[in-house]
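# Summary of structural features
The chain contents come next:
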Amino acid sequence: MSSPILTAIKQRRSIRDFTDQAVDTETLHEIIRAGIWAPSGLNNQPWRFIIVTDATIRARLSEQTHYDHIVLAAPALIAVYLDREDMYDDLKDAQSAGACIQNMLLAAEALDLGAVWLGQILKNREKVGRILGPVGNLELMAVIAIGHPSRRDQQSHRKPLAEFIVNEL
Ligand SMILES: Cc1cc2nc3c(=O)[nH]c(=O)nc-3n(C[C@H](O)[C@H](O)[C@H](O)COP(=O)(O)O)c2cc1C
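Reference entry: report on the structure contained in this document. (Residues numbered from 1 in each chain as written. Predicted model: local features only at pLDDT ≥ 70, side-chain atom pairs only at ≥ 80, totals over all residues.)

Another point: the overall build of the chain. Helices and strands together make up the secondary structure of the chain, namely six helices and four strands. When the helices and strands of the chain are placed in sequence order, the string is α-α-β-α-α-β-α-β-α-β. Radius of gyration (C-alpha) of the chain: 16 Å, near the 15 Å computed for a compact globule of 169 residues. Along the longest, intermediate and shortest principal axes, the C-alpha atoms of the chain span 50 × 40 × 30 Å. Burial status across the chain gives 30% buried among its 169 residues. Of the contacts formed within the chain by residues at least 6 apart in sequence, a portion of 81% connects residues at least 24 apart. (Helix = DSSP H or I, 4+ residues; strand = E, 2+ residues; numbered from the N terminus. Rg over C-alpha atoms; globule rule 2.2 N^0.38 Å. Buried ≥ 20, exposed ≤ 12 C-beta atoms within 10 Å, placed from the backbone. Contact = placed C-beta atoms within 7 Å.)

Structure (structure tokens):
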């Protein structure tokens, strides 16, 4: 079976090595636009975003994760939040955030950029919050690092399908 969407889903890789080239604002908005077209429970669209391109702020954020080299190398970061005011179910809203983030990763790929989902930084979510400023009822879900890939030879693997299918009734 083949289709452009299936191909993109399978060929997307987490990109952690970037050139110095900036990513323009309209492109970042396009990536977020793809994110907000993700499904959400009751179509509540609970996601919110902070775009970071400022080098000083990126450097400060890099100190909050083991993956500092990725945050330092990426010319753009998008922090993805859920807005507690718009949430209705913690589990389902977190699932919506995941769908949103995956859309954004695929959009980056479609725009010939590279991106990686950074979750480890959540361990320092309070400090990240202090760096990015007051965000009221927003809860950090992930930071996405985005840039122009300096290489595209990343490999990944998946276990065989049969290991995941529990039953076919
Ligand atoms: C919830 C979540 C958290 C992740 N956190 C990190 C992270 O902190 N640092 C990192 O380099 N990659 C992170 N990743 C990316 C995974 O390592 C990556 O998706 C996985 O190794 C499969 O590789 P692929 O995306 O190229 O298929 C995260 C992915 C997910 C879904």
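For any two helices packed against each other, one specifies the inter-axial angle together with the distance between the axes. Two numbers describe how helix α2 (residues 25-36) lies on helix α5 (residues 90-110): the axes approach to 7 Å, and their chain directions differ by 140°. The orientation of α2 with respect to α5, classified from their angle, is oblique. Between α2 and α5 lies a crossing of right-handed hand. Contacts between α2 and α5 involve Glu 30, Ile 31, Ile 32, Ala 34, Gly 35 and Ile 36 from the first element and Cys 100, Ile 101, Asn 103, Met 104, Leu 106, Ala 107 and Ala 108 from the second. Taken together, the residues that form the contact of α2 with α5 break down as ten nonpolar, two polar and one charged. (Axes fitted to C-alpha atoms, helices over the stretch in contact; angles between N-to-C directions. Parallel < 35°, antiparallel > 145°, perpendicular 65-115°, else oblique. Left-handed = near helix turned anticlockwise from the far one by under 90°. Nonpolar A, V, L, I, M, F, W, Y, C, P; charged D, E, K, R; others polar.)

Between the first and last C-alpha of α5 there are 30 Å, a value that for 21 residues agrees with the 30 Å anticipated at 1.5 Å per step. Among the residues of α5, Asp 93, Ser 96, Ala 97, Cys 100, Ile 101, Met 104, Leu 105, Ala 107 and Ala 108 are the ones counted as buried. Buried residues along α5 sit against α2, β1 (47-52), β2 (76-83), β3 (114-118) and β4 (138-147). Phi turns positive, to about 65°, at Asp 112, one or two residues after α5. (Expected span 1.5 Å × (residues − 1).)

Another aspect to go through is unusual backbone geometry. The phi angle of most residues is negative, glycine excepted, and most peptide bonds adopt the trans form. In the Ramachandran plot, Asn 43 falls in the positive-phi region, its phi being about 50° despite a non-glycine side chain. Note on placement: Asn 43 falls in the loop between α2 and β1. Positive phi, normally seen in glycine, also occurs at Gln 45, with a value near 45°. Position of Gln 45 relative to the elements: it lies in the loop between α2 and β1.

Here the focus is the sheet that holds β1. Taken together, the four strands give an open sheet; going across it, the order is β1-β2-β4-β3, and neighbouring strands pair in antiparallel fashion. Looking at which strands have only one partner, the edges of the open sheet turn out to be β1 and β3. Here the strands of the sheet are splayed against their neighbours by 25° on average, with no regard to which way each runs. The sheet contact formed by β2 and β4 spans eight bridges and is antiparallel. Bridge pairing in β4 links Leu 77 to Ala 145. (Pairing = 2+ DSSP bridges.)

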